[in-house]
Amino acid sequence: MAQRKETVSAEAKRGLTRRDALKGAAVAGLGILGAGALAGCAPQGGEGAQPGQQAAGADATAWDKEVDVLVAGTGTAIHAAVACSEFGSGSILIVEKDPAMFGGTSATSGGGYALALLDFNAEEGIGDTREQVLEYMKLVADGRMDENVQAAFVDNANGFCQFVLKTHGWSKWGHINKAFGDYYELYAGSLPEAFGRGSWYPFDAEGKNLMAPDQWAVYREYVDAHDNIELVMGTSVESLVVEGGAVAGAVLTDGTKVKAGAVVLGTGGFEHNEDMRRFYLPFPYYRSNGSVNNTGDAQRMGAKVGAQLAYMDTVFGNPYFDTQKEWQPGAFRYDNAGSDAFAPRGFPHSLMVNHKGKRFCDESTMYDTMNRAFGTYDTGTMEYANIPGYWICDSAYTSTFLLPGYATPDALPEFVFKFDSLEELADGMGIDKEALQAEIAAFNENAAQGADPVWHRGEKAVSANTMAMMSALMTLPGATAPQSVLGTVDQPPFYCCRYVPGMMGGTRGGLHINENAQVLDVDGEPIGGLYATGNCSSGVAGYWAGGATLGQGSVMAYVAAKHITGTAD
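Cut-offs applied
- Residues numbered from 1 in each chain as written.
- Predicted model: local features only at pLDDT ≥ 70, side-chain atom pairs only at ≥ 80, totals over all residues.
- Heavy atoms only, no water.
- Phe/Tyr/Trp six-rings, centres within 6.5 Å; stacked < 30°, edge-to-face > 60°.
- Buried < 20%, exposed > 50% of the residue type's maximum accessible area, 1.4 Å probe, protein only.
- Lys NZ or Arg CZ within 6 Å of the ring centre and 35° of its normal.
- Helix = DSSP H or I, 4+ residues; strand = E, 2+ residues; numbered from the N terminus.
- Expected span 1.5 Å × (residues − 1).
- Arc of directions from axis to C-beta.
- Contact = heavy atoms within 4.5 Å.
- Polar contact = N/O pair within 3.5 Å; in protein donor to acceptor, adjacent residues only side chain to side chain.
- Core = buried A, V, L, I, M, F, W, Y, C linked by side-chain atoms within 4.5 Å.

> Which residues make up the packing of aromatic side chains, and what values do they have?
For the structure shown, the criterion picks out 27 aromatic pairs. Geometrically, the ring pair formed by Trp391 and Tyr397 is edge-to-face, given 5.2 Å between the ring centres and 80 degrees between the ring planes. An identical accessibility class is assigned to Trp391 and Tyr397; each is buried. Ring pairing ties together the aromatic residues Phe87, Tyr113, Phe160, Phe163, Trp173 and Tyr558, which thus form one cluster. Stacked on the ring of Phe332, the Lys or Arg Arg277 has its end atom at 3.9 Å from the ring centre.

> Which residues make up helix H15 (residues 433-447), and what values go with them?
Across its 15 residues, H15 extends 21 Å between first and last C-alpha, which sits within 8% of the 21 Å expected from 1.5 Å per residue. Taken residue by residue, H15 has Ala435, Leu436, Glu439, Ile440, Phe443, Asn444 and Ala447 as its buried positions. Buried residues of H15, viewed axially, fall in a sector of 160 degrees; they line one side. Structural note: H15 exposes Glu434 and Glu445 on the side pointing more than 90 degrees away from its buried face. Looking at the packing, one finds that the buried side of H15 touches strand E13 (350-353), strand E16 (389-393) and helix H14 (422-429). Where H15 starts, the residue carrying a side-chain oxygen 3.3 Å from the main-chain nitrogen of Glu434 turns out to be Asp432.

> Go over the nonpolar core, please, and point to the residues and values.
The biggest cluster of nonpolar side chains holds 162 residues, and the ones touching the most others in it are Leu115, Trp173, Leu240, Leu265 and Trp544. Here the element with the most residues in this core is helix H17 (residues 548-565); it accounts for ten residues.

Coordinates in, geometry out; function isn't part of it.
Here it is as structure tokens:
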């Protein structure tokens, strides 16, 4: 560790600041392809290199290109590139694995950010304190995550928001609804009525809120308008190059060797890597709307150079209704249409059971909390008893709401099954018949009184808020949506579809970072020159509020840029 610290501080010993070194590293006029080789670099595997690092950079003795900052990914990592440019880092190279899609999963998200302690809190009628939000985030993370990183996120969220407004000429940050706030609202530190920290949106100069595609269109315009930034689509980082114990650059998938003063990895999760899902996730997952390019690239590259991996057993959870007619155990798919982030599982006249006929969750709770219920392991039958789950509704439901897939009884998709009785439903879906009838009878008795003493459905503020907003998307023309999330399930015909565990955007474990977004080695020491943000990093606090993926990734990308350029407070 002493050798690493000496290497990282070598520039300072020569009388140069890191920012000076970065500015001096820029080489003008080099394209990504066909660039002439630069001067040879120092031999690999010298003093201070860690085991396994020599192989990672053994053939990178002649660089094809040199930049101040290399950014891998155009999701939340784009904020690192923009901030580095604004803070004067010099030349920046951005590589995006997808040949056409700028922004990855971020650009296809809802576009809201989970943030705290903004200057706009008072305008939005939000009262919050640093102590409250940190206490809440610690609990959401089960006490596992780095509290210094959580503090850095909270302390930099407002600065990030102001930076974005100034850079892009936008007017403010605000909310477009009050449905989504703290997902774990019963935890200490949560805001009243679970509103205030989630789903913040930027508003443009004319006062229009910007959804994700609009935001990333502006970020792309910024990149294209700045000569110091080069964007290469359809290319990604293949391996990191280490010299003297610090990351000195990377090799791209087209073979280009790029020397960089700093490398920022923002390549997403590993949900589309089958081996990594099996190795790291605690129970089977079936769906994700994360980009198919999310194959754990940064996690694997970082591990090769000694990076510590953290929280690899966690995801941004979200249940999905199974859009396949036949049950296919273990079949993982990219799926956007089957996502049930908000509806209909929590609407009245419906409930969820497992194959034993038993309810296993508050159906109206937020998607990340509900998704965790799938992981219950039955030691008697030696199985994950709640996979798949079965969502059931009756004709009272279909007289008011659309079915999963935005369907009606007249045009059922193949994955929504219709039955004339609960007995037929149990036989057709493979559910314990007697147990199902008894469970629904007990549910109906309580629902008729507007109560759920078993799972407390409808008692959380977020249930009512979500119902109020999402019912507008699912209510049939001319129908009036009920106010309660509870309603009996007793009017035939009945409808059923399978529910499976999934991910909203992907996995959330990765390269362990510190409060500067620097990647740490297995001893907890920063690896010089290497930063990570978004779903390829260890993140901040898990799925704590609406827009947690964008909020955490973006703020920590901004934090990384401040550290890279020496502009940190």
